[in-house]
Amino acid sequence: MTEVHIYTEPVDDVPLLIRQQQRMGIPQILDAVIKPHGNWQGLSIGWLTTGWLAYILSEADHRMCEVEPWAADRQETLSALLSQPVGEKDFTDDRLAAVLRYLSDDEAWEEIETRLGSHQIRVYDLRPKCVRLDSTAVAVYHDPERGTLFRHGHSKDHRPDLAQFKVMLGALDPMGMPLATLVLPGHKDDDGLYVPTIKRVHPIIGQGGRLYIGDSKMAALSTRSFLQHGGDYYLVPLPMTGEVPALLESLLEPVWKKQQSLEPIYALGSDVGKGGQSKEKKRLGLGYEANRDQEAEIEGQLIEWEERVLVVYSPAHAKRSRRALAQRIERAERALQALTPPPARGRRQWDNVRELQTEAAAILKRYRAEEFLEVSYIRQVQQRAIRKYRDRPARTEEKVRYTIQVKRNQAAIRKARRLLGWRLYATTAPPDQTPLPQAIRAYRGAPRIERDFRRLKGHPLGIRPLYVKRDDHAIGLARLLSLALRVLTLVEYVVREQLQETGETLKGLYAGNPQHQTARPTTERMLKTFRGITLTTVQLPERTICHITPLSDLQKRILTLLGLSHSIYESLAAHQAPIPP
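Residues numbered from 1 in each chain as written. Predicted model: local features only at pLDDT ≥ 70, side-chain atom pairs only at ≥ 80, totals over all residues. Heavy atoms only, no water.

Draft legend 1. Structural detail: the packing of aromatic side chains. Considering all chains together, one arrives at 7 aromatic pairs under this definition. Ring geometry for Tyr55 and Trp70: centres 5.3 Å apart, planes at 65 degrees, overall edge-to-face. Of this pair, Tyr55 sits in helix α3 (residues 45–59) while Trp70 sits in helix α4 (residues 67–72), placing them 15 residues apart in sequence. Ring centres 5.1 Å apart and planes at 45 degrees place the aromatic pair Tyr313 and Trp422 in the tilted group. Separated by 109 residues along the polypeptide, Tyr313 in strand β9 (residues 301–313) and Trp422 in strand β12 (residues 422–427) bring together distant segments of the chain. (Phe/Tyr/Trp six-rings, centres within 6.5 Å; stacked < 30°, edge-to-face > 60°. Helix = DSSP H or I, 4+ residues; strand = E, 2+ residues; numbered from the N terminus.)

Structure follows, in structure tokens:
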């Protein structure tokens, strides 16, 4: 009787992910920069990291303890793809923890990012002209007393009770690929993070003539003067603090007096509908621009420059803001009136006006309604006759009660409503290169970097919950996931660019609607189409037969768009790895 052994292992999207990383230079650059201990054996740091990233992106899970059984089920596939034999203990959590420690080294990581960014810009001809900067906070259940990374601070996750750490990204626009990743303690202010991030980006894309875009925290004079001194440009919204509200009112005076015309701002490509048919343009807003002089001292030198101030009105933002203002005022009114209900059992009556004023002020502050509501306090005196009882004579007792009257300040409300929807932006980008409509459209590309943060904190990278406790492990993991984020953004960008050039679409990405076509597929959906590919090995007495699931037309199309050969899958059937005992 002939004995036959059959072994099957899942392949899925692993070949695509590993070859994509190899093309991006991840394993080569990591091996060139990181020099492990002399006793290190097995897979190199670069190829071990590449395999781990393939697991993270394929399984949407960053836990170290799950990687070893995953790799054991794919040992033959990984041995063929990683160009080195994969042993049973190559992906243990101890070795993965060592990878995190190496990635947590600041000097090594800075060199890795510089080499990776330069390599990817050159290979994919990305032409870096615009960089977007932003930060996010990651709330964790860690003890802030055990290290220096996890600290309490302003929580963007709306969990001020939890410790957190911060991740600052400098991402290449419009694709959102990270160029620089900073991992910092959770109590750090965002204002001081922009200049260090810009300095990290400079060796990658060069200095001078680049446009940096950020939120209102990037509008600090120190950040703007740093960019001006280095010959770069900035585009930021001005925060409505300090002198900015007065500046906005002064710039709107000629608009109210009909002395200043406004330029319409339309969404890019909004005049073209499906099938190339023309449709009504989507108007984003109206605006005009003025100029103002700025000066600052940097490195002991006084620099002066002129910046453009963009005065922009957004109807959609004005509508939302007016609705929110009305709701805020109404809620504040109800809360104030609820402080002094009619007398009844169980209802508090205020006899101390200062305590009542303190409670009312807290409500006004909570709803930011101090200037919109006028509160007056009415003193009421109630007299109650008490009959004679035994040796106590009859008497009259006075009881003091304070009530609240609330009146709306209609003049302040009208003034605030008039300003809602208006925003000031500051930029030094040349008007011939970045006119007002283009500048506003560029700033509104912020959802791209916000999507990076959603991927980092949610699906598929899921840094929350954080399963590591040590500071260096957490820093290394955040940096590792930023490499995974590079893979996600770059795959998506390359495929979309190729589809745009050819005017084609992809069909079959949506399980519930297989006929749906899209020219903007996501990396997550494309990777999902490779589920179900398996490698089967049949061991006969005299020979071994390997078979891999044939690729579908959609899978072949995705590989072609990425510039990857179909052979990365087909060659697995020709790879003869040792058969497990």
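There's more to say after this.
Draft legend 2. Examining a positive patch on the surface more closely. A grouping of Lys282, Lys319, Arg320, Arg323 and Arg444 is seen on the molecular surface, where their side chains present a positively charged patch. Mapped onto the elements, Arg323 comes out in helix α11 (residues 315–337). (Patch = residues over 30% accessible without salt bridge, like charges linked within 9 Å, V, L, I, M, F, W, Y side chains within 5 Å. Areas by Shrake-Rupley, 256 points an atom, 1.4 Å probe, with all protein chains shown as cover. Salt bridge = Lys/Arg side-chain N within 4 Å of Asp/Glu carboxyl O. Lys, Arg positive; Asp, Glu negative; His and termini not counted. Charge placed at Lys NZ, Arg CZ, Asp CG, Glu CD.)

Draft legend 3. The arrangement of unusual backbone geometry in detail. Here the amide bond leading from Asp173 into Pro174 is cis, since omega sits at 0 degrees, within 30 degrees of zero. As for its placement among the helices and strands, Pro174 is situated in the loop between β3 (163–172) and β4 (177–185). Note the cis peptide between His459 and Pro460, where omega equals 5 degrees. Inspection of the secondary structure assignment puts Pro460 in the loop between α15 (447–457) and α16 (471–502). Phi at Arg127 is positive, roughly 50 degrees, even though this residue is not glycine. By secondary structure assignment, the location of Arg127 is in the loop between α7 (106–124) and β2 (130–140). Look at Arg127 and you get exposed, because its relative accessible area is 58%. (Buried < 20%, exposed > 50% of the residue type's maximum accessible area, 1.4 Å probe, protein only.)

Draft legend 4. Spotlight on the sheet that holds β9. Pairing is mixed across the open sheet formed by 9 strands, whose spatial order is β4-β3-β2-β5-β6-β12-β9-β8-β7. Since the sheet does not close on itself, it has two edges, and those belong to β4 and β7 (263–266), each with one partner. Averaged over all pairs of adjacent strands, the angle between strand axes in this sheet comes to 30 degrees, irrespective of strand direction. Contacts between α16 and the sheet are confined to β3 and β4, with β4 contributing the most and set at about 160 degrees to the helix. (Pairing = 2+ DSSP bridges. Axes fitted to C-alpha atoms, helices over the stretch in contact; angles between N-to-C directions. Contact = heavy atoms within 4.5 Å.)

Draft legend 5. Summary view of helix α9 (residues 221–229). Of the positions making up α9, those classed as buried are Thr223, Arg224, Ser225, Phe226 and Leu227. Buried residues along α9 sit against α8 (194–205), β5 (211–213), β6 (233–237), β8 (283–298) and β9.

Draft legend 6. Geometry of the sheet that holds strand β1 (residues 5–10). Taken in spatial order, the 3 strands make up an open sheet running β1-β15-β16, and their pairing is antiparallel. Single-partner strands in this sheet number two, and they are β1 and β16 (544–548). Neighbour to neighbour, the strand axes of the sheet diverge by 15 degrees on average, direction disregarded. Examined bridge by bridge, β1 and strand β15 (residues 534–539) share 6 bridges and lie antiparallel to one another.

Draft legend 7. Here's a closer look at the nonpolar core. Counting residues in each nonpolar core, the largest one holds 135 residues, and the members touching the most others are Leu16, Trp52, Phe91, Phe165 and Tyr569. At 16 residues, α16 tops the list of elements feeding residues into this core. Aside from chain neighbours lying at most four places away, what touches Phe91 is Leu43, Leu48, Gly51, Trp52, Val67, Glu68, Ala71, Leu78, Leu82, Val86 and Leu96. Ala335, Ile363, Ala369 and Ala412 belong to the second-largest nonpolar core, a separate cluster that totals 19 residues. (Core = buried A, V, L, I, M, F, W, Y, C linked by side-chain atoms within 4.5 Å.)

Draft legend 8. Expanded view of the pattern of salt bridges. In this structure the tally under the stated criterion is 32 salt bridges. In this structure, the salt-bridge partner of Glu59 is Arg531, at a minimum N-O distance of 3.8 Å. A residue pair is termed long-range when its members are at least 10 positions apart, and Glu59 in helix α3 and Arg531 in the loop between α17 (523–528) and β15 qualify at 472 residues. Between Arg292 and Glu243 there is a salt bridge, with its nearest N and O atoms 3.9 Å apart. Note that Arg292 is positioned in strand β8 and Glu243 in the loop between β6 and α10 (244–256), a separation of 49 residues in sequence. By relative accessible area, Arg292 is classed as buried at 17%. Here the residues in one salt-bridge network are Lys156, Lys166, Asp190, Asp215 and Lys217, joined through shared partners.

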